[in-house]
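Each chain, written out:
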Amino acid sequence: MTIAQRLERLFAQTAGPHGRPVTLQEVVHRMDRRGISTMSVSYLQQLRTGQARNPRLQHLRALADAFDVPVSYFLSEGDTEPSSATELTPAERTIALRVHGLSDSALASIGAIVELARKSERLDDPPEAGRHGSSRDRAGRSPTSTPDPGTR
């Protein structure tokens, strides 16, 4: 996949203000604001369209930072997604960075909340035989089951 194709994918997947796709100007502004490297809007357009094919490493670092992807996203040979199962999404990264400096007690509380959320969304449950395609909801109830009167 070319750098132009990777950039096009990132532009399509990255939201700007009000949920619309991010613009060239917004990406350049992000790079300027973060101070890693500057780039003109016209050069970014050339990279995006494939007219420029060999950007400097500092430009790739700035683009990676602006799009919240690792630099390796632009350097790898294969058809790489910006977020693999082992990488954090931008929202996950924001939360992870916000816990820095909190007390052990606060971290324990946050950890407990995360475990409750994972349990309620059944993220750590092993797959059950025949569960794929079943008609159970996220809480594991079948459509015909009646709610437990003690849970209201």
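Residues numbered from 1 in each chain as written. Predicted model: local features only at pLDDT ≥ 70, side-chain atom pairs only at ≥ 80, totals over all residues. Heavy atoms only, no water.

Draft legend 1. Seen up close, helix H2 (residues 24-34). Among the residues of H2, those classed as buried are Leu 24, Glu 26, Val 27, Val 28, Arg 30 and Met 31. The secondary structure elements touched by the buried residues of H2 are helix H1 (3-13), helix H3 (41-49) and helix H4 (57-67). (Buried < 20%, exposed > 50% of the residue type's maximum accessible area, 1.4 Å probe, protein only. Helix = DSSP H or I, 4+ residues; strand = E, 2+ residues; numbered from the N terminus. Contact = heavy atoms within 4.5 Å.)

Draft legend 2. Broad picture of the confidence of the model for the protein. Taken as a whole, the protein shows an average pLDDT of 77; of its residues, 73% reach a score of 70 or greater. Mean pLDDT in the protein bottoms out at helix H6 (residues 90-98), which sits at 72, and peaks at H3, which reaches 95. Low pLDDT, under 50, characterises residues 129-146; the predicted model gives this stretch 13 contacts beyond four residues in sequence or across chains. (pLDDT = per-residue confidence, 0-100.)

Draft legend 3. Summary view of the packing of aromatic side chains. Under the definition given, this model contains 2 aromatic pairs. Summarising the aromatic geometry, the rings of Tyr 73 and Phe 74 are spaced 5.3 Å apart at their centres and angled 75° between planes, so their arrangement reads as edge-to-face. Residue Tyr 73 is classed as buried on the basis of its relative accessible area, which comes to 1%. When the ring centre of Tyr 73 is taken as reference, the NZ or CZ atom of Arg 6 above it lies at 5.6 Å. Over the ring of Phe 11 we find Arg 48, and its NZ or CZ is 3.9 Å from the ring centre. (Phe/Tyr/Trp six-rings, centres within 6.5 Å; stacked < 30°, edge-to-face > 60°. Lys NZ or Arg CZ within 6 Å of the ring centre and 35° of its normal.)

Draft legend 4. Examining the nonpolar core more closely. Leu 7, Val 27, Leu 44, Leu 63, Phe 67 and Phe 74 are the most contacted members of the largest nonpolar core, which has 22 residues in total. If you list the elements that add at least two residues to this core, you get H1, H2, H3, H4 and helix H5 (72-75). At 6 residues, the largest contribution of residues to this core is made by H4. The contacts of Leu 7, once residues within four sequence positions are left out, are Leu 44, Leu 47, Arg 48, Leu 63, Phe 67 and Phe 74. (Core = buried A, V, L, I, M, F, W, Y, C linked by side-chain atoms within 4.5 Å.)

Draft legend 5. Up close: the packing of H1 against H4. Where H1 contacts H4, the two axes come as close as 11 Å, and the packing angle between them is 20°. Relative to H4, the element H1 is oriented roughly parallel. Note that H1 runs across H4; the crossing there is left-handed. Touching Ile 3, Leu 7, Leu 10 and Phe 11 of H1 are Leu 60, Leu 63 and Phe 67, all from H4. Each residue belonging to the contact of H1 with H4 can be placed in one class, and the counts come to 7 nonpolar, no polar and no charged. (Axes fitted to C-alpha atoms, helices over the stretch in contact; angles between N-to-C directions. Parallel < 35°, antiparallel > 145°, perpendicular 65-115°, else oblique. Left-handed = near helix turned anticlockwise from the far one by under 90°. Nonpolar A, V, L, I, M, F, W, Y, C, P; charged D, E, K, R; others polar.)

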